[in-house]
Amino acid sequence: MIEFFIDGQLVKAEDDQTVMQAARANGFFIPYFCWHPQLSVPGNCRICVVEVEGEGGGGGWVDIACNMPVTRGMRVLTDSEKVRARRKDTLQFITLNHPVDCGICDKAGECTLQDYHYAYNGAPSVSRDAKVRATKFYPLSERIVLDNERCILCSRCVRFTHEISKSHALGIQNRGDHSLVRPVETGLFENDPYSDNVVDICPVGALLSRQFLHKARVWYLQPTPSVCPGCERGCTVNIWHRRNEWKLKALDARQNARIDRVTPLENPAVNGPWICNKGRDLAQIFERARAAQAMLKGRPVELQVAVDSARALIGAARQPVALVSSWGSNEELAAFDAALGRRFTCHVKSDWLPAPGERIEDDVLIRPDKNPNRAAACARFHALPADPRAAFPPGCDLVLVWGEGFSFAQLPPGVKIVYLNAYLQPENGHADVFLPISVQTERNGHYTNFQGVVSAFQACFAKQAGVVDAETLFPALAGGSTP
Ligand code: SF4
Ligand code: SF4
Ligand code: FES
């Protein structure tokens, strides 16, 4: 442990910490562009300068905090006159060729260059020279575009591909004010399943998601904490959607109930500050055509009629089997277990398998099991055997299928089917009773990931009319109250 002073206050630091790390650990703020807690330290942006006071309080010097080791008794000033003057000059340099087109930039509202400009500069450019022009819309990949004029060459994106995703996909070519971030080889960045993280870590609006391009100003959106169900890692995410007070009235009302973007919700126990691109694409999972109509053999009926019919089938069955969803929340699994666990022979099925071309597994985040809650489901029930036919004992006369992903062709012939699903799929009409259930973005709950870490998700949107939460449905199927 080392003791030293920040802004006159005695603080403690680990032996190998830099001034930046020690300052943050002790609650002091030092601005930074190129530094990132998970990446190497290039020390190139110079915005993090601090003053180190000389012996006896005089003759101090100014240097970058992100690459300065803490030494015993040193006295650091984070916001002295010298420091503020140096940061102002640095910002003049950084914005020398920057287009300052914040009015049309997706990063506006989240841009550290904007924030630091107002905090440390606030003055127009002193340069009389024309700005150097560069590519405004460089297609880095199908998912990301690059605005080289906005790039401040912090190299975070380049280091991310070298140090975290290991695709080594990006580099910087040319020198001085002609430097450009560019793909190193065609296809490398395109195939990096973590590529969208560079949009988050770019401190300015140089790297932009095509999905989100000009879709909404960020201050109109609200993040709801959630969990990515794309694999058993269960990365925590923020799902961004329109704020209630900024709901659109004139346009299609569905725009108020859609996922505008997904970003990582930093979680050291699960995913750190990263997620994979599949996690960004949750709208492709949750915004598929939804089932909102209860049915008996494909015939639309009131939800209550369908619940009563399912209850009657369950009550009359002699050998009922349940195929339990590995996408059910901990709460839903507990509700199922309490209400129906003893009535059924239960097996946990896979709702999702890897899609063609999808990365199956790596040593960053992506896990081979594409279901978020198998750990919790298998803690209560047996896994489905490799040959699903072995799950159905002789005399099985009813199967309750919870969630998608199971082909009815694998069911014993003539068996009665009660089917719970959230999406519009052909099987729905083949079930004796079909019950439309809510999806994760419409309810609160928890998943337990493969390491046993429990993460919470919250509802972003109201449930559709005609749809029921599985958690309230299960007691009703067992003869309890109306869902
Ligand atoms: S594109 Fe963004 S992250 Fe990459 S070097 Fe430029 S400013 Fe930094
Ligand atoms: S690693 Fe798995 S849980 Fe994490 S974002 Fe990707 S698909 Fe989702
Ligand atoms: S944050 Fe220290 S030099 Fe960039």
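Our subject is the structure listed above.
Predicted model only: the values in this text are computed from it and were never measured. (Residues numbered from 1 in each chain as written. Chains lettered and ligands numbered in written order. Predicted model: local features only at pLDDT ≥ 70, side-chain atom pairs only at ≥ 80, totals over all residues. Heavy atoms only, no water.)

Some words on the overall build of the protein chain
And step 1. Assigned secondary structure in the protein chain consists of 11 helices and 23 strands.
And step 2. Dimensions of the protein chain along its principal axes, counting C-alpha atoms only, are 90 × 50 × 45 Å.
And step 3. Counting contacts in the protein chain only where the partners sit at least 6 residues apart, residues at least 24 apart contribute 64% of the total.
And step 4. Accessible surface computed for the protein chain: about 22,000 Å², of which carbon and sulfur atoms make up 52%.
And step 5. In the protein chain, the 53 positive side-chain charges and the 53 negative ones have mean positions that sit 3 Å from each other. (Helix = DSSP H or I, 4+ residues; strand = E, 2+ residues; numbered from the N terminus. Contact = heavy atoms within 4.5 Å. Areas by Shrake-Rupley, 256 points an atom, 1.4 Å probe, with all protein chains shown as cover. Lys, Arg positive; Asp, Glu negative; His and termini not counted. Charge placed at Lys NZ, Arg CZ, Asp CG, Glu CD.)

Remarks on the pattern of salt bridges
Pairing between side chains of opposite charge can happen when the charged atoms of each approach one another.
And step 1. Summed over all chains, the structure comprises 34 salt bridges.
And step 2. Where Asp63 meets Arg46, a salt bridge forms, and the shortest distance between an N and an O atom there is 3.9 Å. Highlighted residues: Asp63 in strand β4 (residues 61-64) and Arg46 in the loop between α1 (19-25) and β3 (49-52), separated in sequence by 17 residues.
And step 3. Among the residues examined, Asp63 registers a relative accessible area of 29% and is labelled partly exposed.
And step 4. Among the ionic pairs, Arg258 bridges to Asp260, the shortest N-O distance being 2.8 Å. (Salt bridge = Lys/Arg side-chain N within 4 Å of Asp/Glu carboxyl O. Buried < 20%, exposed > 50% of the residue type's maximum accessible area, 1.4 Å probe, protein only.)

Comments concerning the pairing of strand β9 (residues 180-183)
And step 1. As defined by bridge partners, strand β8 (residues 170-173) adjoins β9 across 4 bridges and the pair is classed as antiparallel. The residue bridging Ile172 from the neighbouring strand is Val181, located in β9. (Pairing = 2+ DSSP bridges.)

Structural notes on the nonpolar core
And step 1. Among the nonpolar cores identified, the biggest contains 88 residues, and Phe336, Leu400, Trp402, Leu435 and Leu477 are the most heavily contacted of them.
And step 2. In terms of residue count, helix α11 (residues 470-477) provides more of this core than any other element does, 5 residues in total. (Core = buried A, V, L, I, M, F, W, Y, C linked by side-chain atoms within 4.5 Å.)

Considerations on the environment of Gln293
And step 1. Examined against the element boundaries, Gln293 turns out to sit in the loop between α7 (282-286) and β14 (295-296).
And step 2. With 244 residues separating them in the primary sequence, Gln293 and Val49 have C-alpha atoms 62 Å apart.
And step 3. Each residue touching Gln293, except ones within four places of it in the same chain, is listed here: Pro300, Val301, Phe434 and Pro436.
And step 4. Within the local environment of Gln293, its side chain forms a polar contact with the backbone oxygen of Val301, the two atoms lying 2.9 Å apart. (Polar contact = N/O pair within 3.5 Å; in protein donor to acceptor, adjacent residues only side chain to side chain.)

Bear in mind that shape data such as this cannot, by itself, settle questions of function.
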